Every structure is written in C-alpha cells, then in structure tokens.
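# Tertiary structure, described
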Amino acid sequence: MKARFFLLLSAGALALASAASAAEPDGKALFAANCATCHGMDLGGYIAPALNRDSLQDRFNIDMLPAFIAGGVPNTLMPAWEGKLSPEELQAIASYVLETPKQSVTWSIEDIRRSLEVYVADEASLPAAPAYAIESIDDLMAVVARGRYSRDTSKVVFLNGATNDVVGEVAVDRAPHIVDFDPASDRWAYVKTDGGRLYKIDLYSMKAVRSVQVGYTGPSLAVSWDGRYVAAGSFVPNTAAILDAATLEPVKFLDLGGINPDGKEVEADSGSITATPYGPYIAFTLEQAGQVWIVDTSRPDLPVTKITNVGRHLHDSYLSPDGRYMFVAAYDDNKIAVIDFETKQKVRDIAAGCVPHTGSGAVYKTKAGRTLGVQTNFGSGKTCDKTVVTVFDVDSGEVVKQIPVTGGTESPAAHPAAPYFVVDIISGDDVDKVTLINKESLEVEKVLEVGGHAYFPEFTARGDFLYVSAGYDGDKLVIFRSDTLERVKEIPMESPAGIFSHIRPKVRTVGLAPQD
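First things first, this report covers the structure right here in the doc.

Conventions adopted
- Residues numbered from 1 in each chain as written.
- Predicted model: local features only at pLDDT ≥ 70, side-chain atom pairs only at ≥ 80, totals over all residues.
- Heavy atoms only, no water.
- Core = buried A, V, L, I, M, F, W, Y, C linked by side-chain atoms within 4.5 Å.
- Buried < 20%, exposed > 50% of the residue type's maximum accessible area, 1.4 Å probe, protein only.
- Helix = DSSP H or I, 4+ residues; strand = E, 2+ residues; numbered from the N terminus.
- Contact = heavy atoms within 4.5 Å.
- Salt bridge = Lys/Arg side-chain N within 4 Å of Asp/Glu carboxyl O.
- 1 Å grid on protein atoms, 1.4 Å probe; cavity = no way out; pocket = protein on both sides within 12 Å on 5 of 7 lines; lining within 4 Å.
- Points joined across faces, edges and corners; volume = space filled by probe spheres on them.
- Nonpolar A, V, L, I, M, F, W, Y, C, P; charged D, E, K, R; others polar.

What follows deals with the nonpolar core. By size, the foremost hydrophobic cluster in this structure holds 43 residues, and its most contacted members are F31, L65, V97, Y190, L198, V230 and L243. Residue assignment for this core shows that the elements contributing at least two residues are α2 (27-34), α5 (65-71), α6 (87-99), β6 (188-193), β8 (207-213), β9 (221-223), β10 (229-234) and β11 (239-244). Looking at this core, the element that brings in the most residues is α6, giving 7 residues. The contact partners of F31, leaving out residues within four places of it in the chain, are A36, H39, G40, L43, L51, I93, Y96 and V97. Residues Y119, V191, Y199 and A497 belong to the second largest nonpolar core, which totals 26 residues.

This is the structure:
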C-alpha cells in the first residue's frame, strides 16, 4: 500500500494534479505533485535548481519555459514531460514558478504525528523468518530506484547478494534516497525519500508496515544502535525529528540553526545524521550553521550537546572503526572535521581535496596493519581543480596520499576481500566508469566501464560481487564479479541510485570486517 500524497492540499487541488485535470489546471498543485521532490517544496531548489520568480527571471519567460519542461534535460534526473502532462498543465506550472517567489514552508511535530500511515496494524502477523530464499539475511542488498514520473516506479529493490536474484520490491511515495538497517534487529529497515517520507520496512515479508511525513526534502537518516529510535532530517523546513522506531511516533523535534563560523545566525539543513555504537548518541550535522549536535538517547529528555565552529557547509559523515570518532565533510573549507563522541568536541581537521564528500565513507586495514580512510571529493573548477581521492591515517589524521583521478568523486566502496577500493566519477568524461585504486600502492589499478552515469558502488556482504548503479541514460543495476571484474548481470531500473548492504551495521564502517 502506498502512502497518500503528503501535501496539505484540498481534494480539488489534488484532482487538478492528475492528467484528467480541469480546464484551468492549478500550477501550484501540479508543481507539488511532479516537481517539488527535486526542485524543493519552497521553490528554492534541492538536488535540482531553484525554480521561482527570482531565479528564473533572467533565464526564461512564459514563451520558453513550457517547451523546456516538456523536453526535459538529457543525462539528468529531469525527464521529458511531453506526453505525461498536457500543454495546459505545462503552461500552468511555468506560470506558477515564473510568478511566485521562494516560499516559506512549515511542518510541525503535530503535522508529523497526523501524517502517520499504518499498513500492518498487527506486526505479530508478519512471518517469523524471511519468506524468500536466502541463506543469510546479511546477504540482502537494497537498491533505491528513484523513478522519474510518478510513484509507480519509485521503489526499493532488494536482492540476494549471494545469488544476485531479486527477492522483493517495496513501493514508496516517490524518489527513495537512503536505506538504513536496524542494528538491533535483522528484520527492520527504514527508507527516507526525497519527498520527505520515512518508511518502516519489514525485511522478512518485504512490506512497508507504516510511514510518516517528516518534512519535504533531505536524505538524512539514522537508527540508534539499540534500535529504539530513528532520526530523520528535513531541508524544507530546516528541522529534524527523533521518532520511536517501532511506531514512528515523534518523540523529539529539532529546529535546526545557530551561529555559523562567520558569526551569522542562520537556519540549517541536516546534512547527515549518524548513530554510533560507542555510546547512546545520535549526531546531526548542521550544514549552514557549521555545527554538530549530539543527542543522548539514554536520558528521557534526549538532551542535545552543541559543538560549534566545526566547519563551513557541513554535509555527510561516517565513523571510525570503534565508533568513537565521526568524520564530517566540510565542503567550503576543503577539510574533514573529526568529532570525538567521548569528549563531545571537535579534535582535529584533516586536509581534503576540493569540496570533500564522504558518502557512506570507507575504511580499511593495510597488510602492515595501518587503518586508512578514503575521502572522495566533488572537485570544483571555479576555485580549485583538485579532483583527487584523499587517503588518510584514521588514527593520526595524517594525509597519506591524494590520488589524482579523472573527475570529481562521490561515493567510495571497499571490502576486506578486495585488493582495491572503488570510487565513482561524477564529473568529466568518465561518468560512465568507476575507478579501482590499489589499497597498498594507492595507485589507480583500473578504470571499469559501467555505462550510464555510474555511481554508488557497493560490495556484497561476502565480497564476491560489486554492485554499481547506472543512472540517467543507463537505467540499470550492473553487477560485476569482484575478482575477475566480469560483468555478470544487469537489472533494469528507473533511475537507480544508492546501494546499501544489510551487513553495514555489523561492519560499522564500509570496508571493514564484521565486528562484535
């Protein structure tokens, strides 16, 4: 069962959003139904550019924009809407965004509470073990298929990573972004969509059991290590919520913002949310405020410790092997900030390439026993052309090497059984490839052709296979043998993106062996 569309629109406005809309379509409702997931409910942009009166005035007029929307943008997530929306609907959307300034959008804890959808009221009726063939639940691989036009193709696809067979699919409202598994129970997963909806998934039956609307955009998500809480962030508005993981009832609501490193009071996105096994903590990175907030989940009031002046434009993060330290990307400072959960302070900075992006991070041990971290970097032609992969010593923070690659990079992958780690190339001429770098020599070993826009590599739990999404014009999941790099399977999907192995909570950080 799919969640009802979450916007607070009248039934008449929702009807206008369909292909069978009235003679005078409602541009606001059409934008909300078809465009807001990428362009922002506030018209202020998200993973796609802002679409509002001020951002468009020097670029488009009403004679140009409908045709642009109809044609889409090749090799991006922007589809061609011709044939999906009528000329009148395209005109209505164009008029709305050209005439409307960026909007102020709210979503309160009461809105979250009222948005709860329950699909399986009696969870005791769910199967006691996986209802499909799989030797170990840790072999499960989750791939988010964003879809393009509607909820009909937005889903999470689950595969048995030992056999590469699809074992289940769970449809979601629209554009799933991230999957996080419950560290305390093999059966639960949580999915956050770019539309702002959070789903609780039963992995044994492959069913969504309930969902809730936590905001409108933003991918951040984490499950506490004891499985009691799930935390999710919203970019529109700038809030985050901690919810009871069993019921999805909100138990704490956070308005995100504060004084940034330049002394200005700002609102902030939750760039990432990270839970740690080191203690009863969930950490929120506040992008524009340059702060990290640590919530203590062991105390009834869930108190917050705020660490300021962490860095400019904080985004994603990952853990050291023991979970004591968190490595946070600071885009505008070209560094990784290191947060200590023991002292609740920033303890060091690590130099990175231009616009560092950790993705899920990757850490591995060398043959000599050294623990190294892998740091991807978007790169930037405006202020820096340093498109490198940074490798650093996890214990000392020393930069071991910055490895030149052919473009910006986003997501690293590693596995103890593989002699190389993998990074995707997100800019330049090699976006259809991933790069394999030798763990010991730190030299590029191979550039592997994938097709489409290749990104989000992930090894299966056993390390036998490497999964890579081929998005945009690729629209498929590509599976390689990790030893021979033979292409063994392709599975069609509409806009595949992030890939998540069920073993992640057991390894704590991608690239390590399972830990006790």
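Let us now look at the side chain of S501. Its place among the elements puts S501 in strand β35 (residues 496-501). In this structure S501 comes out as buried when scored by relative accessible area, which is 2%. Setting aside anything within four residues of it in sequence, one finds S501 in contact with D138, L140, M141, F181, E458, F459 and A461.

Scanning all chains against the criterion turns up 29 salt bridges. Of the charged contacts, one joins K433 and D430 as a salt bridge, the two residues approaching to 3.3 Å between their closest N and O atoms. Assigned by exposure class, K433 and D430 land together as buried. Overlapping salt bridges, with partners in common, bring together D430, D432, K433 and E449 in one network.

Another aspect to go through is the layout of surface pockets. Here the second largest pocket is characterised by a volume of approximately 440 Å³. Along the wall of the second largest pocket there are 22 residues; nearest its centre are D42, F235, V236, N238 and E267. Considered class by class, the residues forming the lining of the second largest pocket number 8 nonpolar, 9 polar and 5 charged.

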